[in-house]
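Coordinate inspection notes
In case you want the letters, here they are:
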Amino acid sequence: MIYPAGGKFCGRWVVLGLVPLLTVIVRPDPGRAQVRPPPTPYAAVEPTGDDSLATIRIVAVGDIMMGTSYPSADYLNTDLAPGADLGGVVDAALLAVLRSGDVVFGNQEGVLFDGEGETKNCRNPDLCYAFRSPEHYGGFLRDMGFTLVSLANNHSGDFREAGRAATMAALERNGIAFAGLDQPGARTARLVLDDGTVVGMTAFSPNKGTLSINGLERASAIVRRLSAETDIVVVSFHGGAEGADHTHVPRQMEVFHGEKRGDVFAFAHAMVEAGADVVLGHGPHVPRAVEVYRGRFIAYSLGNFWTYGRFNLRGPNGLAPIVDLEVSREGRLVAARLHSARQQGLGVPALDPDRRALELVAELTRTDFPESGLDFLEDGTIQVPVVGEGSAR
């Protein structure tokens, strides 16, 4: 099962009249407080000139595969021809959410490759798919607002090294940073924002050619180095078992079709302990719970954002939570919100007025992480209880 989720306004924006870091509003229960709801994603907040109040807005979605020419061009979306207007394909409200971020993240599932090339070996064709999207789709990613993408997934090697090289070149041409391949120049990425804040990103999966989610020692070392060199560190992972039967976080190694897909709970916590400020999961093709650990935000799966033509979009598989975070320039969570989207037709995302992604993530969070104390409001605001500096939460 797969769920869709659904930017970018360049430069720093700040919040008027609020103290930095975790700003709270007192609730009737004196022992609890909530994260300040973020400003509307459809309008910028005017800067005050006080750098102590500066925050960075991070918008993130899950898997992206907007159509594939393999095994047949029939799996391409004819609305996405070169030069197409995204406004005629995706609703304006969803584009506004994406374009509102200073940093906008997604997982590029499959390659951007116009060549033929040799596909990966598939031992079981019933369980093995190869995705090849046109290279001009890189321009659509740019126009939606994406600035960071992960290439650490089981489809980044679908067309071997030729496909990887073409994908990286297409992203570079469109000014999109990428990370997650285990080769020079592609293990980590750096993004410099207009105010000089440096955002670092790295990504992991259990798949050949990528940084391994199952090697915690090496992964922690990579994140520690990145944390020492940048202001904010985003870690992505493609892990966990797939489908509607795997919406929960089991807190143990997940094995799916004989492959070790990672202990995503242990991995996410280890990455925060190594210096990650935001941890963004995807891979199960369904949404999973979220957590705040040591003041840092973890999404265990953002499901499928835009997965066209070859994906099961029934039930939770079609839901696409969009995470909308505000973090301090030191990476600590200031505010969090979840926008609900779902895929329509053969797989095009749109905001969902029924808020089904929000309801599912809220339910899963209460079930899988009852100790977190997170609450979810109808507008998507995620309330975070105030805890002491020494707390692990």
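Residues numbered from 1 in each chain as written. Predicted model: local features only at pLDDT ≥ 70, side-chain atom pairs only at ≥ 80, totals over all residues. Heavy atoms only, no water.

Some remarks on the packing of helix H4 (residues 216-229) against helix H5 (residues 264-274)
- It is at 8 Å that the axes of H4 and H5 come closest, and there the two elements cross at 35°. Between H4 and H5 the crossing geometry is right-handed. Facing Leu216, Ala219, Ser220, Val223, Arg224 and Ser227 of H4, the residues of H5 in contact are Phe267, Ala270, Met271 and Ala274. (Axes fitted to C-alpha atoms, helices over the stretch in contact; angles between N-to-C directions. Helix = DSSP H or I, 4+ residues; strand = E, 2+ residues; numbered from the N terminus. Left-handed = near helix turned anticlockwise from the far one by under 90°. Contact = heavy atoms within 4.5 Å.)

A closer look at the pattern of salt bridges
- Counted according to the given criterion, the structure contains 19 salt bridges.
- When the shortest N-O distance is used, the salt bridge between aspartate 182 and arginine 218 registers 2.9 Å. Here aspartate 182, found in the loop between strand E9 (177-179) and strand E10 (188-192), pairs with arginine 218, found in helix H4; they are 36 residues apart in sequence, far enough to count as distant.
- By relative accessible area, aspartate 182 is classed as partly exposed at 31%.
- Linking aspartate 277 and arginine 296 is a salt bridge whose minimum nitrogen-to-oxygen distance equals 3.1 Å. Placement of the pair is aspartate 277 in the loop between H5 and strand E15 (278-282) and arginine 296 in strand E17 (residues 296-299), with a sequence separation of 19 residues. For the pair aspartate 277 and arginine 296, a shared accessibility class is recorded, and that class is buried.
- Taken together, the shared-partner salt bridges in this structure form one network comprising Asp182, Arg187 and Arg218. (Salt bridge = Lys/Arg side-chain N within 4 Å of Asp/Glu carboxyl O. Buried < 20%, exposed > 50% of the residue type's maximum accessible area, 1.4 Å probe, protein only.)

Things to note about the side chain of arginine 337
- Following the sequence through the fold, arginine 337 ends up in strand E20 (residues 333-344).
- Summary of buried charges: arginine 337 has no salt-bridge partner, and the nearest side chain of opposite charge, aspartate 379, is 4.8 Å away.
- There is a polar contact of 2.9 Å between the side chain of arginine 337 and the backbone oxygen of aspartate 379. (Lys, Arg positive; Asp, Glu negative; His and termini not counted. Polar contact = N/O pair within 3.5 Å; in protein donor to acceptor, adjacent residues only side chain to side chain.)

Some remarks on the sheet that holds E15
- Here six strands make up an open sheet; going across it, the order is E10-E11-E12-E15-E17-E16 and the pairing mixed. Each of the sheet's edge strands pairs with one partner strand only, and the pair in question is E10 and strand E16 (290-293). Ignoring strand direction, the axes of neighbouring strands in this sheet form an average angle of 15°.
- Bridging between strand E11 (residues 198-204) and strand E12 (residues 232-238) involves six bridges; their strand directions are parallel. (Pairing = 2+ DSSP bridges.)

So, the packing of aromatic side chains
- If you walk through the whole model with that rule in mind, you get ten aromatic pairs.
- For the ring pair tyrosine 70 and phenylalanine 159, a centre distance of 5.4 Å and an interplane angle of 85° mean the geometry is edge-to-face. Linking tyrosine 70 in the loop between strand E4 (54-65) and helix H1 (92-99) with phenylalanine 159 in the loop between strand E8 (148-150) and helix H3 (160-173), this pair joins segments that are 89 residues apart in sequence.
- On the basis of relative accessible area, tyrosine 70 is assigned to the partly exposed category, the value being 30%.
- Relative to phenylalanine 305, the ring of phenylalanine 146 has its centre 6.4 Å away and its plane inclined at 65°; by these criteria the two rings are edge-to-face. Remark: phenylalanine 305 occurs in strand E18 (residues 304-307) and phenylalanine 146 occurs in the loop between helix H2 (137-144) and E8; sequence separation between them is 159 residues. (Phe/Tyr/Trp six-rings, centres within 6.5 Å; stacked < 30°, edge-to-face > 60°.)

Concerning H1
- Inspection of H1 places Leu94, Leu95, Val97 and Leu98 among the buried residues, and these make up the whole buried set. Projected onto a plane normal to the axis of H1, the buried residues spread over an arc of 155° and lie on a single side.
- Regarding H1, its N-cap is aspartate 91, as a side-chain oxygen of that residue lies 3.2 Å from the backbone nitrogen of alanine 93 further along. (Arc of directions from axis to C-beta.)

A word on H5
- Burial analysis of H5 places nine of its eleven residues in the buried class, which makes it a mostly covered element.
- Among the residues of H5, those classed as buried are Val264, Phe265, Phe267, Ala268, His269, Ala270, Met271, Val272 and Ala274.

Structural notes on unusual backbone geometry
- Tyrosine 70 connects to proline 71 through a cis peptide bond whose omega is 5°.
- Take proline 71: it is sitting in the loop between E4 and H1.
- A positive phi angle, close to 60°, is found at arginine 251, a residue other than glycine.
- You can see arginine 251 is positioned in the loop between E12 and strand E13 (255-256).
- Residue classification places arginine 251 among the partly exposed residues on the basis of a relative accessible area of 35%.
- One non-glycine residue, arginine 355, adopts positive backbone phi at about 55°.
- Tracing the backbone through its elements, the reader meets arginine 355 in the loop between strand E21 (348-351) and helix H6 (356-368).

Overview of the nonpolar core
- If you look at the biggest cluster of nonpolar residues, it comprises 37 residues, and the most contacted ones within it are Ile58 and Phe297.
- Sequence-distant contacts of isoleucine 58, that is, excluding residues within four places in its chain, are made with Val103, Ile232, Val234, Val278, Val323, Asp324, Leu325 and Val327. (Core = buried A, V, L, I, M, F, W, Y, C linked by side-chain atoms within 4.5 Å.)

Details of the side chain of serine 220
- Along the chain, the position of serine 220 falls in helix H4.
- Under the relative-accessibility criterion, serine 220 is labelled buried at 10%.

Quick look at the environment of valine 235
- Position of valine 235 relative to the elements: it lies in strand E12.
- Valine 235 sits 32 residues away from alanine 203 along the chain, and the two C-alpha atoms are 5.6 Å apart.
- The residues contacting valine 235, other than those within four sequence positions of it, are Thr202, Phe204, Val223, Phe267, Met271, Ala276, Val278, Val279 and Leu280.

Considering the confidence of the model for the protein
- Confidence in the prediction for the protein averages 86 pLDDT; 83% of positions are at 70 or higher.
- Confidence drops under pLDDT 50 across residues 1-52; counting only partners more than four residues distant or on other chains, this segment forms 193 contacts. (pLDDT = per-residue confidence, 0-100.)

Digging into the environment of arginine 329
- Among the structural elements, arginine 329 can be located in the loop between strand E19 (319-328) and E20.
- With relative accessibility at 25%, the residue arginine 329 sits in the partly exposed group.
- Through-space distance from the C-alpha of arginine 329 to that of valine 198 is 9.1 Å; in sequence the pair is 131 residues apart.
- Within the local environment of arginine 329, its side chain forms a polar contact with the side chain of threonine 197, the two groups lying 3.4 Å apart.

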